[in-house]
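Close look at the chain arrangement
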Amino acid sequence: MGVDYYNVLNVSPSASEDDLKKSYRRLAMKWHPDKNPSSKKEAEAKFKQISEAYDVLSDPHKRQIYDQYGEDGLKSSDVPTPPTQRSYNSNNDDGFRYYPRDAEDIFNEFFGASGDAFGGGGGRRESVNGGGGSRFRSAEAGSQTSRKTAPVNNRKAPAIESKLACTLEELYKGGRRKMRISRVVPDGLGKPKTVEEILKIDITPGWKKGTKITFPEKGNHEPGVTPADLIFVIDEKPHSVYKRDGNDLIVDKKVSLLEALTGITISLTTLDGRNLTIPVLDIVKPGQEIVIPNEGMPISKEVSKRGDLRINFDICFPSRLTSEQKTDLKRVLGGSGVDN
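Residues numbered from 1 in each chain as written. Predicted model: local features only at pLDDT ≥ 70, side-chain atom pairs only at ≥ 80, totals over all residues. Heavy atoms only, no water.

Focus on empty space enclosed by the protein
Counted only if it meets this: Computed over the protein atoms alone on a 1 Å grid, cavities are sets of points where a 1.4 Å probe fits but cannot get out and pockets are open sets with protein on both sides within 12 Å along at least five of seven lines; a residue lines them when it has an atom within 4 Å of a point. Grid points are joined across faces, edges and corners, and a volume is the space filled by probe spheres set on the points. Throughout, the ten residues Ala, Val, Leu, Ile, Met, Phe, Trp, Tyr, Cys and Pro are labelled nonpolar, Asp, Glu, Lys and Arg are labelled charged, and all others, Gly among them, are labelled polar.
Under the defined criterion, the tally for this structure stands at one cavity of 30 Å³ or more. The computed volume of the largest cavity comes to approximately 40 Å³. Every residue lining the largest cavity is listed: Tyr172, Tyr242, Leu249, Thr270, Leu271, Leu276, Glu295 and Leu309. Of the residues assigned to the lining of the largest cavity, the class counts are six nonpolar, one polar and one charged.

Section: the sheet that holds strand S7 (residues 230–236)
As a reminder, the rule being used: The pairing criterion for strands is at least two bridges between them, as found by DSSP. The numbering of helices and of strands both runs from the N terminus, where a helix is a DSSP run of H or I of at least 4 residues and a strand a run of E of at least 2. Here, axes are lines fitted to C-alpha atoms. For helices the fit covers the stretch in contact, and angles between N-to-C directions go from 0 to 180 degrees.
An order of S2-S7-S5 is seen for the three strands of this open sheet, with the pairing classed as mixed. Since the sheet does not close on itself, it has two edges, and those belong to strand S2 (160–166) and strand S5 (212–215), each with one partner. Across the sheet, the axes of successive neighbouring strands diverge by a mean angle of 25°, strand direction being ignored.

Considerations on the nonpolar core
If you look at soluble globular proteins, the nonpolar side chains tend to sit buried side by side. As a reminder of what qualifies: What is meant by a nonpolar core is a set of buried Ala, Val, Leu, Ile, Met, Phe, Trp, Tyr and Cys residues, joined one to another through side-chain atoms within 4.5 Å. Note on exposure labels: buried denotes an accessible area under 20% of the residue type's maximum, exposed denotes more than 50%, and partly exposed covers the range between, all computed with a 1.4 Å probe on protein chains only. Here, two residues are considered to be in contact whenever any of their heavy atoms come within 4.5 Å of each other.
By size, the foremost hydrophobic cluster in this structure holds 35 residues, and its most contacted members are Ile201, Tyr242, Leu268, Ile278, Leu309, Ile311 and Phe313. Those residues in contact with Tyr242, other than ones at most four positions away along the chain, are Leu168, Leu249, Ile250, Val251, Leu268, Thr269, Thr270, Leu271 and Leu309. Judged by nonpolar contacts, the second largest core, of 25 residues, contains Leu9, Val56, Leu74 and Ile106.

Quick word on the layout of surface pockets
Taken as a whole, the second largest pocket encloses approximately 1300 Å³ of empty space. In terms of lining residues, the second largest pocket is bounded by 41 residues, among which Ser16, Glu17, Lys200, Asp202 and Phe215 are the most central. Grouping the amino acids of the lining of the second largest pocket by side-chain chemistry returns 13 nonpolar, 12 polar and 16 charged.

Things to note about the pattern of salt bridges
Where we set the bar: Put simply, a salt bridge is a Lys or Arg side-chain nitrogen that is within 4 Å of an Asp or Glu carboxyl oxygen.
On inspection of all chains with the given rule, the structure shows 20 salt bridges. Taking the shortest distance from any N to any O, the salt bridge between Lys156 and Asp229 comes out at 2.9 Å. Taken together, the residues span a long stretch of sequence, with Lys156 in strand S1 (residues 155–156) and Asp229 in the loop between strand S6 (225–226) and S7 at a distance of 73 residues. A residue is classified by how much of its surface remains accessible, and Asp229, at 19% relative accessible area, is buried. Residue Asp252 is joined to Lys243 by a salt bridge in which the shortest nitrogen-to-oxygen separation is 3.0 Å.

A word on unusual backbone geometry
In the Ramachandran plot, Glu217 falls in the positive-phi region, its phi being about 55° despite a non-glycine side chain. Checked against the element boundaries, Glu217 lands in the loop between S5 and S6. For Asn294, which is not glycine, the phi torsion reads 60° and is therefore positive. Counting through the fold element by element, Asn294 comes out in the loop between strand S12 (289–292) and strand S13 (298–299).

Observations concerning the packing of aromatic side chains
Formally: Whether two aromatic rings pair depends on their centres lying within 6.5 Å, for rings of Phe, Tyr and Trp, where Trp uses its six-membered ring; planes under 30 degrees apart make the pair stacked, over 60 edge-to-face, and the rest tilted.
This model, assessed by the stated rule, comprises seven aromatic pairs. On the numbers, 5.0 Å between centres and 35° between planes, the contact of Tyr24 with Tyr54 is tilted. A residue pair is termed long-range when its members are at least 10 positions apart, and Tyr24 in helix H2 (residues 17–31) and Tyr54 in helix H3 (residues 40–57) qualify at 30 residues. There is no split in this pair, since Tyr24 and Tyr54 are both buried. When the ring of Phe215 is compared with that of Phe232, the centres are 6.0 Å apart and the planes differ by 90°; the resulting orientation is edge-to-face.

Digging into the packing of H3 against helix H4 (residues 60–74)
Rule in force here: An angle below 35 degrees is read as roughly parallel, one above 145 as roughly antiparallel, one from 65 to 115 as roughly perpendicular, and any other as oblique.
Running from N to C, H3 and H4 cross one another at 135°; their axes reach a closest spacing of 9 Å. Here H3 lies oblique to H4, going by the angle between them. On H4, the residues touching Glu52, Asp55, Val56 and Leu57 of H3 are Lys62, Arg63, Tyr66, Glu71 and Leu74. Taken together, the residues that form the contact of H3 with H4 break down as four nonpolar, no polar and five charged.

Re the side chain of Lys218
Our working rule: N or O atoms within 3.5 Å of each other form a polar contact, as long as, within protein, one can give a hydrogen and the other can take it, and as long as residues adjacent in sequence are counted only when both atoms are side-chain atoms.
For Lys218, the location among the structural elements is in the loop between S5 and S6. For Lys218, a relative accessible area of 7% corresponds to the buried category. Polar side-chain contacts of Lys218 include one of 2.9 Å to the side chain of Glu197.

Some thoughts on the sheet that holds strand S15 (residues 309–316)
The strand order S8-S9-S15-S12 describes an open sheet built from four strands, whose pairing is mixed. Strands with a single pairing partner mark the edges of an open sheet, and in this sheet they are strand S8 (243–245) and S12. For this sheet, the mean angle separating the axes of adjacent strands, direction not counted, is 30°. In the sheet, S8 pairs with strand S9 (residues 248–256) via three bridges, with the strands oriented antiparallel. For Lys243, the partnering residue across the bridge sits in S9 and is Ile250.

Written as structure tokens, this is what we have:
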């Protein structure tokens, strides 16, 4: 069976990217050898295993192979690679090759390489595969030096951001988007070639404009440069009825003066397709807002809760009245005081 990476990170097999990051941060800080000087050997082994688990599960390609074949299959040269992912090998060799990343490199991506992760300025932290002999250089990592892997000291290309426009209905109900990307990767001889991939984005109900979904190192491969992260940024498409304000939904409703004085029933179709009927029996005053609790957007971190629906009224006054209409209004409303 090999190592259970999900158990190592204390997450479920359905864990999201955010779940993996949160768990890795917590466990890496707990087991970093610098924080465990009295049991350094045990901490190094645990820290390396945590880093390897995150490296595999945070990469959709590696995770797919691991879920299907386990750790032994992931590290075997006999595992077939899905057609859309065959970008690293050629010359009649379509097998996947797994090269473990350096534990300290992953740690530095989260906390920086300045050595300040534990609250002190302990000087520059050495890379696992650095030239000066590193504290976390394992036998397994060392055995990879003769293989075709990019040096871990490479600078990383700037992240590539792309807008992902979503309807308000998608952000209300959730859903899945499939994004086709093409990027340049080296073939088996190191020559650049273009490959296509399908990235899947699971939209969580309640996501807001500006939410970012990151696919690590899905940019182009260039010599001496670590590929850029590909980041999709949620954008909201305008809606014909609703506007969003945080977790609330807003509806601007025009009513006639007669409706404002005598009452009105508002009918709305919610973002999940329900029919909502709202009777307004009281007199509506200019600029008035009524609030319908729990009919707003889902709250992404508390999916059982929702914001409110706020209805703002715009009273349309008649452009003119006849003398007879004015007389009738004075007779009906003449006894009303201005403070009532």
